[in-house]
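In case you want the letters, here they are:
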Amino acid sequence: MISKSPQAPSGGPLGPAFPQALLAGFGPDCLAFKACARLLVELLNPGGVGCPACGSTADPSPQLTTGGRVRCTHCGRRFTAFSGTLLEGCKISLQQAALIFLLLALGHDNATVATLAGVSAETARAWRAKLEAA
Ligand SMILES: [Zn+2]
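Quantities reported herein were computed from a predicted structural model and do not represent experimental measurements. (Residues numbered from 1 in each chain as written. Predicted model: local features only at pLDDT ≥ 70, side-chain atom pairs only at ≥ 80, totals over all residues. Heavy atoms only, no water.)

The coordination sphere of the zinc ion contains the protein donors Cys51 (SG), Cys54 (SG), Cys72 (SG) and Cys75 (SG), at a distance range of 2.3 Å. Here the zinc ion binds four donor atoms, and the angle range of 101 to 119° at the metal identifies the geometry as tetrahedral. When the donor residues of the zinc ion are listed from N- to C-terminus, their spacing reads C-x2-C-x17-C-x2-C. One end of the pair, cysteine 54, is in the loop between helix H2 (33-44) and strand S1 (70-71); the other, cysteine 75, is in the loop between S1 and strand S2 (78-79), and 21 residues separate them in sequence. (Donors = N, O, S within 2.8 Å, 3.2 Å for Na, K, Ca; no water. Tetrahedral: all angles 85-135°; square planar, octahedral: opposite > 155°, others 65-115°. Helix = DSSP H or I, 4+ residues; strand = E, 2+ residues; numbered from the N terminus.)

Counting 29 residues, the largest nonpolar core has Leu40, Phe79, Leu87, Ile100, Phe101 and Val119 as its most contacted members. Elements represented by at least two residues in this core include exactly H2, helix H3 (94-105), helix H4 (110-117) and helix H5 (121-133). If you count residues domain by domain, this core takes at least three from each of domain 1 (28-88) and domain 2 (90-134). Ignoring sequence-local partners within four residues, the contact set of isoleucine 100 consists of Ile92, Val113, Ala117, Val119 and Trp127. (Core = buried A, V, L, I, M, F, W, Y, C linked by side-chain atoms within 4.5 Å. Buried < 20%, exposed > 50% of the residue type's maximum accessible area, 1.4 Å probe, protein only. Domains from an automatic or database assignment. Contact = heavy atoms within 4.5 Å.)

Interaxial distance between H3 and H4 falls to 10 Å at its minimum, and their mutual angle equals 150°. Relative to H4, the element H3 is oriented roughly antiparallel. Classified by chirality, the crossing of H4 by H3 is right-handed. Of the residues in H4, those in contact with Gln96, Leu99, Ile100, Leu103 and Leu104 of H3 are Asn110, Val113, Leu116 and Ala117. By residue class, the composition of the contact of H3 with H4 is seven nonpolar, two polar and no charged. (Axes fitted to C-alpha atoms, helices over the stretch in contact; angles between N-to-C directions. Parallel < 35°, antiparallel > 145°, perpendicular 65-115°, else oblique. Left-handed = near helix turned anticlockwise from the far one by under 90°. Nonpolar A, V, L, I, M, F, W, Y, C, P; charged D, E, K, R; others polar.)

Structure follows, in structure tokens:
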């Protein structure tokens, strides 16, 4: 009979300290960049990505779905899917942003968010305030 309990064989890496060890080693780099980028692009552009200058949504480039910069085929302005959103000009990685948003949504305090996302407590506080104001 196969056991479904999460116990490891004796001498294996799993044990009572395993979750804490996983938590200690976990960070934004454990998240896939493209998956984070696509999710954030979709959430921040519910009507689709458009040029912030002329509103054109024609010819959406695949680069836009991962946060890449493109030139509008109508007016020539360069933009990303984050232009005009709360992520415009942000200095943290998209994985850090996704992790910060997730941890804040789960109700974690600024110190925990800062530690797990690899940012300062001030940065965590600023993102909390930014989301609450949005
Ligand atoms: Zn345009």
